[in-house]
Each structure stands twice: as structure tokens, then as C-alpha cells.
Amino acid sequence: MLVEGAILDADGARPSYVRIEHGIVVETGTIGTESTRGKERKIHGIVTPSPINGHTHLGDAVSTREPPNVSFSELVAPPSGYKFRLLAEAKPAEKRRAMRAALHRMRQEGIAVTVDFREEGETGVRELRRAAEGAGVRAVILGRPVGQPRESAEIERILEVADGIGLSSCREESADVRHEVAAVCRARRKFYALHASEEVREPPEVYLDPRPDLVVHLTWAEPSDLEQVRDAGTSIAVCPRSNALFGRRPLLGAMERAGNRVLLGTDNAMLQSPSIWRELEFAYVTSRLFRDPASAMFLARAALVEPWRWLGEEERSHLVAGGPAVPLVFRLPPEDPAYQIVTRAAEYLMVPTASRAAPTAESERAGGIDE
Ligand SMILES: [Zn+2]
């Protein structure tokens, strides 16, 4: 397949042709110079690397009904909010089916990886691992301890099967627990992450101590907080649709100005679909609604580039011949590619490329996930 139009990847946006064979980029270059000389099926459009959903809670896909009209804490706060009651009441098989359905939804959109905060301890992590087997979307799973008080043995057990730990927030976890979790994650080369400044502003000195690899939300943050997060080398996952349900928003324009590294996520699967294309459009529009516009390129990078870098797999965000990026092809006008992708991309505009299976994580290759 020969795509004539534009590339949008880690190196920016540019006019180009891209030849794809069996889901792999085999040739790129100046339009009109391709080796096939008109003998191959030609498509006009934009080629991007596969996106990553930077923050999900797939477990709560177990309910897709409209949530009750209650406060934020009554809805999602551990241990007894509505969401946690749903999780506790649902049977394991039911949860696996729901998570698998959410993964399929993401696969239809070409999402290669989801970074999931999985509740319910080691069991929760194992359930998602099983749901993700053969689903075509890699689950990077950050587990969460359930035992009270927190015990090192449980954290170690979770990290046997998880890619890291994703804590609720520093309002629920003491400094001692955070330090222990972060130290164990570092020693095992796993991710340490937590939600921060979601409902109220929290001081960065607290959530950045110890330094997390990722903080989620920062809906309440001063410009100086964003600078501290940037200087700490911590990335931010933002979830604009989820925040909007509770009358708040991530400071997208301010984050772009501060030079933060931002990943785009869709948050709780019980609140909205894990659609990265819908999230991108909403992010673009609402940053303007609040007169704090973020550029289309900044938002596109939050879905297509920054999360790969965060995972340590930056090469998957560069579309080069023979590279490991899994290309997506969109039937969209090639002018202003970032703007097209952010405001107009949808799965029905994607052209099948006989794609390889999504890249497999070390942890999935390790296998041995049985229940
Ligand atoms: Zn979350």
C-alpha cells in the first residue's frame, strides 16, 4: 500500500509518501519519488504511529450505566465509593469480559497500549493480564495494594505480575508507604505513579516526594506546580472528559507553556469509552472553551509520541523504513496533519494495513499468568 500525503510522528508533521507492507513501514520519502512508479494501490491521507491510552481504569467497565448523581468521592473514592462497591460485587469472569470488551474497543481505534491503574491488588492485576491475552492491545498494568496497613509482602506480590504501582493519591497513602512503594518499584525497574491535585490542590512537595514516574490529573495546579513537576522529570497523564464530568479541567495550555511531558488518557471506563480520538477532540475544544488553548501538535503528541517515550520505547513513535512503529493510515486531508488528527480522526477513517499484532510487553512475554 502506498500512502501519499503526510506523516505525523515524533519528528513532527511533513509531506511524505509512505509505503506499507504487512503493517510495516518499508519506504518513506518525497512525494513522487517512490520506487513503485504508480504500480501500487495509492491512498491519499495521513500516517501516524499507533496511539497509547495513557490512563485507564478498565476494571470499572463492569458498569456502563449512567452513574448516580452523587459527589466525586461518593462515586470513585476508595474503599467504599460506588465504583468500589461495583468492583466488589462483580464476579471475576464478569470483570474480565468487561475489560476485554474495553480492550476490543481500543483495538478498533488502533490503540497499541493502555496504561491501566488496576485496583483490587494482585488479583486485580492477574484479571486484567488474563483479559488482555490475545486482545491485541498491550496492558501496562499499575497495580494497587488493598491490605491495611500496607505490607511489603503484598507490594512485592503485586510487582511479580504488574508493571508498577499506581496509588490512589497522597491523601490516602502516608509518606512512609509512598517511599517504600517507590523504592521497591525503582529496585525492580517498574513504574511508580499516583493521582495528584484532582479534587483539590495538593502541594507538589508532597506528591513529588518520592519522585513519581507519572502523576495523573493535576486539575488544580499553579503554574509553579507545573514547573516543579517538569523539573522533577515527572510526566502528567490528563483525562479531560473525565474531569469535565466533575466540573474541572486539566490546564492544557499552561502545561504546554510550562513544557510538561503530557500523556492523554480516558480514565474510568464506567464514565466514558476508552476512545483516544474522542478524548483528543474534546481536549482541543475545551482548552479553547476555557480560553487556555493547547496546540493541536501538543495534544497529538500526548497520544502518539510522549507515552512511547514514557515507556522507554521512543523508537515506536518514529515512522521510518524498517522501524518498529505500527503505522495507522487515515483518509484525511494531508494539510495541517496534527489538526486533522486531533479534530477529525475516527476509526471509520482508518485504512486497514494488515497490521502486525500490537507489540508485546516483557511482562506478557514472561507469561505464566494463571489463576
Ligand atoms: Zn485514575
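This is a predicted model, so every value here is computed, not measured. Here the residue numbers are simple positions, counted from 1 along each chain's written sequence. Residue-level local features of this predicted model are given only where pLDDT is at least 70; pairs of side-chain atoms are given and counted only at 80 or more, and the full residue set underlies all totals for whole chains, interfaces and linings.

Draft legend 1. Highlighting the overall build of the chain. Helix and strand assignments follow DSSP, with helices taken as H or I runs no shorter than four residues and strands as E runs no shorter than two, numbered in order from the N terminus. Scanning the chain from N- to C-terminus turns up 15 helices and 15 strands. Taken over the C-alpha atoms alone, the chain extends approximately 70 × 50 × 40 Å along its principal axes. Counting all 371 residues of the chain, 49% fall into the buried class. To sort residues by burial, count the other C-beta atoms lying within 10 Å of each one's C-beta; a count of 20 or more means buried, 12 or fewer means exposed, and anything in between means partly exposed. C-beta atoms are built from the backbone.

Draft legend 2. Spotlight on helix 4 (residues 121–132). With 12 residues, helix 4 ought to run about 16 Å at 1.5 Å a step, and its terminal C-alpha atoms sit 17 Å apart, in line with that. By the criterion of burial, helix 4 is predominantly enclosed, with nine of the 12 residues buried. By definition, residues are in contact whenever their C-beta atoms, placed on the basis of the backbone, come within 7 Å of each other. Residues of helix 4 that are buried make contact with helix 3 (92–108), strand 6 (113–118), strand 7 (138–143) and helix 5 (152–161). A helix is expected to span 1.5 Å for every residue after the first.

Draft legend 3. Spotlight on the sheet that holds strand 7. With respect to topology, nine strands assemble into an open sheet ordered 12-11-10-9-8-7-6-5-13, the strand pairing being parallel. Two strands bound the open sheet, and with one partner strand each, they are strand 12 (262–264) and strand 13 (267–268). The pairing of strand 5 (residues 52–57) with strand 13 spans two bridges and is classified as parallel. Paired with Thr56 across the bridge in strand 13 is Asp267. Strand pairing is assigned whenever DSSP detects at least two bridges linking the two strands.

Draft legend 4. Main features of the nonpolar core. Linking buried Ala, Val, Leu, Ile, Met, Phe, Trp, Tyr and Cys residues through C-beta atoms within 7 Å yields a set, and such a set is a nonpolar core. Counting 104 residues, the largest nonpolar core has Val137, Ile165, Val215, Leu264, Leu280, Leu299 and Ala300 as its most contacted members. Sorting elements by how many residues they give to this core places helix 12 (residues 296–304) first, with seven residues. For the purposes of this description, domain bounds are those given by an automatic or database domain assignment. Viewed by domain, this core spans two of them, domain 1 (2–49 + 314–351) and domain 2 (52–294), each represented by three or more residues. Setting aside chain neighbours within four positions, we find Ala300 in contact with Leu8, Ala338, Ile341 and Val342.

Draft legend 5. The packing of helix 4 against helix 5, seen in detail. The axes used here are C-alpha line fits, helices contributing only the stretch in contact, and every angle between their N-to-C directions lies in the interval 0 to 180 degrees. Running from N to C, helix 4 and helix 5 cross one another at 5°; their axes reach a closest spacing of 9 Å. The orientation of helix 4 with respect to helix 5, classified from their angle, is roughly parallel. Only Glu154, Arg157, Ile158 and Val161 of helix 5 make contact with helix 4, whose side of the interface consists of Gly121, Glu122, Val125, Arg126 and Arg129. When residues are grouped by polarity, Ala, Val, Leu, Ile, Met, Phe, Trp, Tyr, Cys and Pro land in nonpolar, Asp, Glu, Lys and Arg in charged, and all others, Gly among them, in polar. Residues belonging to the contact of helix 4 with helix 5 are distributed by class as follows: three nonpolar, one polar and five charged. The scheme is simple: roughly parallel for angles under 35 degrees, roughly antiparallel for over 145, roughly perpendicular for 65 to 115, oblique for anything else.

Draft legend 6. Focus on the sheet that holds strand 4 (residues 42–49). Taken in spatial order, the six strands line up as 3-2-1-4-14-15 in an open sheet, and their pairing is mixed. Both outer strands of the open sheet, strand 3 (24–29) and strand 15 (350–351), are each paired with one neighbouring strand and no more. Strand direction decides the pairing type here: strand 2 (residues 12–21) and strand 3, joined by five bridges, are antiparallel. The residue of strand 3 that forms the bridge with Tyr17 is Gly29.

Draft legend 7. Structural view of the domain arrangement of the chain. Parsing the chain into structural domains produces domain 1 (2–49 + 314–351) and domain 2 (52–294). One C-alpha centre belongs to domain 1, the other to domain 2; they are set 31 Å apart. Residue-level contacts link eight residues of domain 1 with eight residues of domain 2. Among the residues forming the side of domain 1 that touches domain 2, the class breakdown is six nonpolar, one polar and one charged.

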